[in-house]
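What follows is each chain in one-letter form.
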Amino acid sequence: MSQESTAQAAAGATRCGFVALIGAPNVGKSTLTNALTGSKVSIVTPKVQTTRALVRGIAIEGSSQLIFVDTPGVFRPRRRLDRAMVTTAWGGAHDADLIGLLIDAKRGLDQESAGILARLAGLRQPQALILNKVDMVEKGTLLGLAESTNARASFAATFMVSALNGDGVGDLRQWFAAHVPQGPWLYPEDQMSDAPLRQLAAEITREKLYLRLHEELPYQSTVETDAWKEQKDGSARIEQTIYVERASQRKIVLGKGGQTIKAIGADARRELAEIIDKPVHLFLFVKVRERWGDDPERYREMGLEFPSE
Ligand SMILES: Nc1nc2c(ncn2[C@@H]2O[C@H](COP(=O)(O)OP(=O)(O)OP(=O)(O)O)[C@@H](O)[C@H]2O)c(=O)[nH]1
Ligand SMILES: [Mg+2]
């Protein structure tokens, strides 16, 4: 903490708090977390159920430190992993000081979002309604959606934003900054995330995997960083394992002559090198682990509680 912020904290002038962003899958929670934080802390893909665990991104706005908590999308769970994700999302909301409910303005108040809205009514924290993806809808539609959603719940404020192009994101950040509780900052002011780099690295590779693979395959895979070595020449040597459930899936991830895994590795390596600002040697291994979705160790690696059933 700088001298100035220490002095502000002593005078009780600083604010600090956790802001959970919650919503149905694919509404743009991770895109918004990155936009609010000003750096890529959480991965984004066009596919639903991309985020699996809580991802925290930290931002400073005036004298407030904001810890944004990106959560997995809330949907009707089928598998054990789904249950862990949805439980985690609600845990994130419960533990936060403020809550932002995201709705995809294009999709409107569908059944999934209506269910979340009903459950949010039971929480005590101030809540902001965030209509996202406003770049894709007419103003009239937006106003109608804001009105009908506010008629069903009591929001402290309503925002219309585009997490993608940044419209409205600054106003939203300011509102959160004004409403988090007074108190000292919890993180050094230059810190953007609390996740270890090896975890972010695994997530980056999972993002590239989601972008290259289709249908059910992404959901039946997980990525872990096994080793990270800083080398004498200034580069980093990173080893990761992609777990899949069946030998047939391993074949698809590898691709003809190893083409697919090579492309995934190249995408991930490029982005990782940019983030850590040094050359990266990335080694990807693909292993078959039947029913990894029932293995507690995999949940621990993801930062999820293992549901007993
Ligand atoms: N046009 C437009 N697209 C957006 C906007 N925000 C997010 N998207 C797109 O919506 C898709 C989903 O974004 P994510 O940020 O991964 O959504 P999410 O809510 O975190 O999804 P899950 O983690 O699966 O729950 C991606 O293709 C984004 O590029 C926006 O403001 N406008
Ligand atoms: Mg997400």
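Residues numbered from 1 in each chain as written. Chains lettered and ligands numbered in written order. Predicted model: local features only at pLDDT ≥ 70, side-chain atom pairs only at ≥ 80, totals over all residues. Heavy atoms only, no water.

Undergrad: Mind showing me how you'd approach the overall build of the protein here?
TA: What the protein contains, in helices and strands, is ten helices and nine strands. For 309 residues, the compact-globule estimate of 2.2 N^0.38 gives 19 Å, and the protein sits close to it at 20 Å. With the C-alpha coordinates of the protein rotated into their principal frame, the extents come out at 55 × 50 × 40 Å. Per-residue burial over the protein gives 52% buried out of 309 residues. Once local pairs closer than 6 in sequence are excluded, the contacts in the protein between residues at least 24 apart make up 71%. Total accessible area on the protein is roughly 14700 Å²; 49% of this is exposed by carbon and sulfur atoms. Within the protein, one finds 39 positive and 38 negative side-chain charges whose respective centroids are separated by 7 Å. (Helix = DSSP H or I, 4+ residues; strand = E, 2+ residues; numbered from the N terminus. Rg over C-alpha atoms; globule rule 2.2 N^0.38 Å. Buried < 20%, exposed > 50% of the residue type's maximum accessible area, 1.4 Å probe, protein only. Contact = heavy atoms within 4.5 Å. Areas by Shrake-Rupley, 256 points an atom, 1.4 Å probe, with all protein chains shown as cover. Lys, Arg positive; Asp, Glu negative; His and termini not counted. Charge placed at Lys NZ, Arg CZ, Asp CG, Glu CD.)

Undergrad: Is there a simple way to think about the sheet that holds strand β6 (residues 157-160) in this case?
TA: Strand pairing in a sheet is mediated by backbone hydrogen bonds. Such pairs are either parallel or antiparallel. As summarised here, the arrangement of the six strands in space is β2-β3-β1-β4-β5-β6, forming an open sheet in which the pairing is mixed. Strands at the two margins of the open sheet, each flanked by one partner only, are β2 (55-61) and β6. This sheet shows a mean twist of 25° between the axes of neighbouring strands, independent of strand direction. With seven bridges joining them, strand β1 (residues 15-23) and strand β3 (residues 64-70) adopt parallel strand pairing. Residue pairing in the sheet places Val19 in a bridge with Phe68 of β3. Running at roughly 115° to β3, helix α6 (residues 169-179) makes contact with β1, β2, β3, β4 (98-104), β5 (127-132) and β6 of the sheet. (Pairing = 2+ DSSP bridges. Axes fitted to C-alpha atoms, helices over the stretch in contact; angles between N-to-C directions.)

Undergrad: Which parts of the structure should I look at to understand the packing of aromatic side chains?
TA: The way to describe two aromatic rings as a pair is by their centre distance and the angle between their planes. Inspection of the entire model under this criterion finds five aromatic pairs. When the ring of Trp175 is compared with that of Phe176, the centres are 5.6 Å apart and the planes differ by 70°; the resulting orientation is edge-to-face. Overall, the relative accessible area of 13% leaves Trp175 in the buried class. Both rings, one in Tyr210 and one in Tyr219, keep their centres 5.7 Å apart while their planes meet at 75°; by these two values the pair is edge-to-face. Across the pair, Tyr219 and Tyr210 agree in class, each one buried. By the ring-pair criterion, three or more aromatic residues cluster together here, those being Phe68, Phe159, Trp175 and Phe176. Stacked on the ring of Phe283, the Lys or Arg Arg237 has its end atom at 4.1 Å from the ring centre. (Phe/Tyr/Trp six-rings, centres within 6.5 Å; stacked < 30°, edge-to-face > 60°. Lys NZ or Arg CZ within 6 Å of the ring centre and 35° of its normal.)

Undergrad: Honestly, the site of ligand 1 in this entry has me stumped. Any pointers?
TA: Neighbouring ligand 1 are 23 residues; Lys29, Thr31, Gln49, Thr50 and Asp135 lie closest to it. Between Thr50 and ligand 1, the recorded distance is 2.7 Å, taken from a backbone N or O atom to an oxygen atom. In the environment of ligand 1, an oxygen atom lies 3.2 Å from a nitrogen or oxygen atom belonging to the side chain of Ser162. Looking at the shell around ligand 1 element by element, the count peaks at three residues for helix α2 (residues 29-37). Of the residues belonging to the shell around ligand 1, the class tally is eight nonpolar, eleven polar and four charged. (Near = heavy atom within 4 Å. Polar contact = N/O pair within 3.5 Å; in protein donor to acceptor, adjacent residues only side chain to side chain. Nonpolar A, V, L, I, M, F, W, Y, C, P; charged D, E, K, R; others polar.)

Undergrad: Sorry if this is basic, but what is going on with the coordination of the magnesium ion (ligand 2) here?
TA: Each pair of donors in an ideal four-coordinate tetrahedral metal site encloses 109.5 degrees, whereas pairs in an ideal six-coordinate octahedral site enclose 90 or 180 degrees. Coordination of the magnesium ion (ligand 2) by the protein involves Ser30 (OG) and Thr51 (OG1), with metal-donor separations of 2.0 to 2.1 Å. One end of the pair, Ser30, is in helix α2; the other, Thr51, is in the loop between α2 and β2, and 21 residues separate them in sequence. As far as the burial class goes, Ser30 and Thr51 line up, both buried. (Donors = N, O, S within 2.8 Å, 3.2 Å for Na, K, Ca; no water.)

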